[in-house]
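# Coordinate analysis (summary)
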Amino acid sequence: LIGVYTNRHGERWEIQLKGSGKTPYSRNGDGRAVLRSSVREFLCSEAMHYLGIPTSRAASLVVSDDDVWRDQFYNGNIKKERGAVVLRVAKSWFRIGSLEILAHSGELDLQRRLLDFIIQEHFPSIAMNDSSRYLEFFSTVVSETADLMALWMSVGFAHGVCNTDNFSLLSVTIDYGPFGFMDSYDPNFVPNTSDDEGRYKIGNQANVGLFNLSKLLQALKPLLDPRQKQLASQILEGYGERYYMRLTELFKTKLGLLGENEDDNYLIAFLLKVSLLC
């Protein structure tokens with residue numbers, strides 16, 4: 001993360017480099033990126049933006065003269081590839097993992113300071129003097145995550161690595177790695193060649209979203225009073241209903257269905273089943 005840019009519309013964007021080299025947080029990696037994955041991120045993030053799906057965006061791509069060694073298919077066949085650096089932007093790069101790691105290490109004062117900063121900077125509808133601000137924050141993230149998962153499914157997008165460190169607290173699509181789009185409907189579609197168990201298959205994305213939100217709630221619990229914890233659990237239970245409601249709205253729009261009809265859900269399920277058999 002190299003800074004914050006305010007454009008002529010007054011919008012603030014956090015600027016980040018991917019592939020520029022080691023950082024203190026590189027986790028034993030070389031901090032580099034290969035050209036093929038950088039081009040894919042550039043193209044897909046722009047495609048997602050114009051599909052109307054909240055996403056980070058790629059501002060530039062610079063090809064590097066550095067050689068980068070990668071095992072593309074995780075089969076032991078390491079090859080030399082051309083490197084690249086992507087300059088990408090997002091309203092925020094804070095993730096569920098940003099709070100989870102602080103809670104896990106018991107740094108609750110720092111977690112509270114970070115959470116207050118995130119709310120103040122990115123959730124203007126939440127009053128900072130409200131004792132329920134963390135509960136309101138959680139409620140917003142649950143709703144917007146459900147909406148994002150529905151949007152992904154509406155275009156057949158599979159992220160590929162849906163862990164808590166790749167889930168934005170602002171519910172935007174970030175960290176394009178082994179993503180993919182389905183050519184035809186298949187709930188078992190897995191774009192990640194290293195995901196042997198299909199944990200992040202496209203048909204499981206909504207469930208993984210719920211899992212990640214449960215981890216967020218676990219991280220927030222030390223900052224909530226007993227009543228707020230109970231309410232937060234109820235909010236989390238409403239995730240599935242919110243997801244299916246938004247998904248149904250999106251599919252009805254695709255099909256040109258107007259109004260409410262009890263057979264709408266049946267028709268959507270029937271057409272998906274037909275697509276699966278084709």
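Keep in mind that what you see is a predicted model, and the values were worked out from it rather than measured.

### Quick word on the overall build of the protein
- A tally of regular secondary structure across the protein gives 8 helices and 6 strands.
- Scanning the protein from its N terminus toward the C terminus, one meets helices and strands in the order β-β-α-β-β-α-α-α-β-β-α-α-α-α.
- Over its C-alpha atoms the protein spans a radius of gyration of 20 Å, differing by no more than 12% from the 19 Å that the globule rule assigns to 278 residues.
- Based on the C-alpha atoms only, the size of the protein along its principal axes is roughly 55 × 55 × 40 Å.
- Burial statistics for the protein: of 278 residues in total, 41% are counted as buried.
- Look at the contacts in the protein between residues 6 or more apart in sequence, and 60% of them connect residues 24 or more apart.
- Carbon and sulfur atoms make up 52% of the accessible area of the protein, which totals about 15,500 Å².
- One way to put it: in the protein the 30 positive side-chain charges average out to a point 4 Å from where the 34 negative ones average out.

### A word on the environment of E136
- Looking at the secondary structure, you find E136 in helix α4 (residues 133–154).
- Relative accessible area serves as the criterion here: at 30%, E136 is assigned to the partly exposed category.
- The sequence separation of E136 and I119 amounts to 17 residues, and the corresponding C-alpha distance is 9.8 Å.
- Those residues within four positions of E136 in sequence are excluded, and the remaining contacts are I126 and D130.

### Examining the packing of helix α3 (residues 108–122) against α4
- At their nearest, the axes of α3 and α4 sit 11 Å apart, and the two run at 60 degrees to each other. Judged by the sense of rotation from one axis to the other, the crossing of α3 with α4 is left-handed. Contact residues: R112, L115, D116, I118 and I119 in α3; R133, Y134 and F137 in α4.

### Some details on helix α1 (residues 35–50)
- Taking 1.5 Å of rise per residue, the 16 residues of α1 would be expected to cover 22 Å, and the 23 Å separating its terminal C-alpha atoms lies within 8% of that figure.
- By the burial criterion, the buried members of α1 are S38, E41, C44, S45, E46 and M48.
- Those residues of α1 that are buried lie in contact with β2 (12–18), β3 (57–70), β4 (79–90), α4, β5 (157–158) and β6 (180–181).
- One or two residues past the end of α1 sits G52, with phi positive at roughly 85 degrees.

### Quick word on the domain arrangement of the protein
- For the protein, the assigned domains read domain 1 (3–90) and domain 2 (96–254).
- Measuring from the centre of the C-alpha atoms in domain 1 to the corresponding centre in domain 2 gives 22 Å.
- Roughly 1,400 Å² is buried in total at the junction of domain 1 and domain 2, and carbon and sulfur atoms are behind 59% of that figure.
- The interface formed by domain 1 and domain 2 holds 2 salt bridges in total.
- Linking D175 and R88 is a salt bridge whose minimum nitrogen-to-oxygen distance equals 3.2 Å.
- Listing elements by their share of the side of domain 1 that touches domain 2, those giving two or more residues are β2 and α1.

### Digging into the side chain of S168
- Along the chain, S168 falls in the loop between β5 and β6.
- Engagement of the side chain of S168 in a polar contact is seen with the backbone nitrogen of V172, the distance being 3.5 Å.
- Leaving out residues up to four positions away in the same chain, S168 has contacts with F94, R95 and I174.

### Section: the packing of aromatic side chains
- One pass over the full model with this rule turns up 10 aromatic pairs.
- Between the aromatic rings of F123 and F137, the centroid separation amounts to 5.1 Å while the plane-to-plane angle is 75 degrees, which identifies the pairing as edge-to-face. Of the two residues, F123 is situated in the loop between α3 and α4 and F137 in helix α4; the sequence distance between them amounts to 14 residues. As far as the burial class goes, F123 and F137 line up, both buried.
- Each member of the aromatic cluster is reached from another via a ring pair, and the members are W152, F157, F167, Y176, F179 and F181.
- In this arrangement the basic side chain of R133 is found over the ring face of Y134, its NZ or CZ atom lying 4.7 Å from the centre.

### Focus: the side chain of S45
- Note on placement: S45 falls in helix α1.
- Under the relative-accessibility criterion, S45 is labelled buried at 1%.
- For S45, the side chain forms a polar contact with the main-chain oxygen of F42, separated by 3.2 Å.

### A short note on unusual backbone geometry
- The phi torsion at S171 lies on the positive side, around 55 degrees, for a residue other than glycine.
- In this structure, S171 sits in the loop between β5 and β6.
- On the basis of relative accessible area, S171 is assigned to the buried category, the value being 4%.
- With a phi angle near 60 degrees, D175 is a residue other than glycine that sits in the positive phi range.
- Within the secondary structure, D175 is located in the loop between β5 and β6.
- The exposure class assigned to D175 is buried, which follows from its relative accessible area of 14%.

Reading guide: rules and limits
- Residues numbered from 1 in each chain as written.
- Predicted model: local features only at pLDDT ≥ 70, side-chain atom pairs only at ≥ 80, totals over all residues.
- Heavy atoms only, no water.
- Helix = DSSP H or I, 4+ residues; strand = E, 2+ residues; numbered from the N terminus.
- Rg over C-alpha atoms; globule rule 2.2 N^0.38 Å.
- Buried < 20%, exposed > 50% of the residue type's maximum accessible area, 1.4 Å probe, protein only.
- Contact = heavy atoms within 4.5 Å.
- Areas by Shrake-Rupley, 256 points an atom, 1.4 Å probe, with all protein chains shown as cover.
- Lys, Arg positive; Asp, Glu negative; His and termini not counted.
- Charge placed at Lys NZ, Arg CZ, Asp CG, Glu CD.
- Axes fitted to C-alpha atoms, helices over the stretch in contact; angles between N-to-C directions.
- Left-handed = near helix turned anticlockwise from the far one by under 90°.
- Expected span 1.5 Å × (residues − 1).
- Domains from an automatic or database assignment.
- Buried area = accessible area lost by both parts, 1.4 Å probe.
- Salt bridge = Lys/Arg side-chain N within 4 Å of Asp/Glu carboxyl O.
- Polar contact = N/O pair within 3.5 Å; in protein donor to acceptor, adjacent residues only side chain to side chain.
- Phe/Tyr/Trp six-rings, centres within 6.5 Å; stacked < 30°, edge-to-face > 60°.
- Lys NZ or Arg CZ within 6 Å of the ring centre and 35° of its normal.

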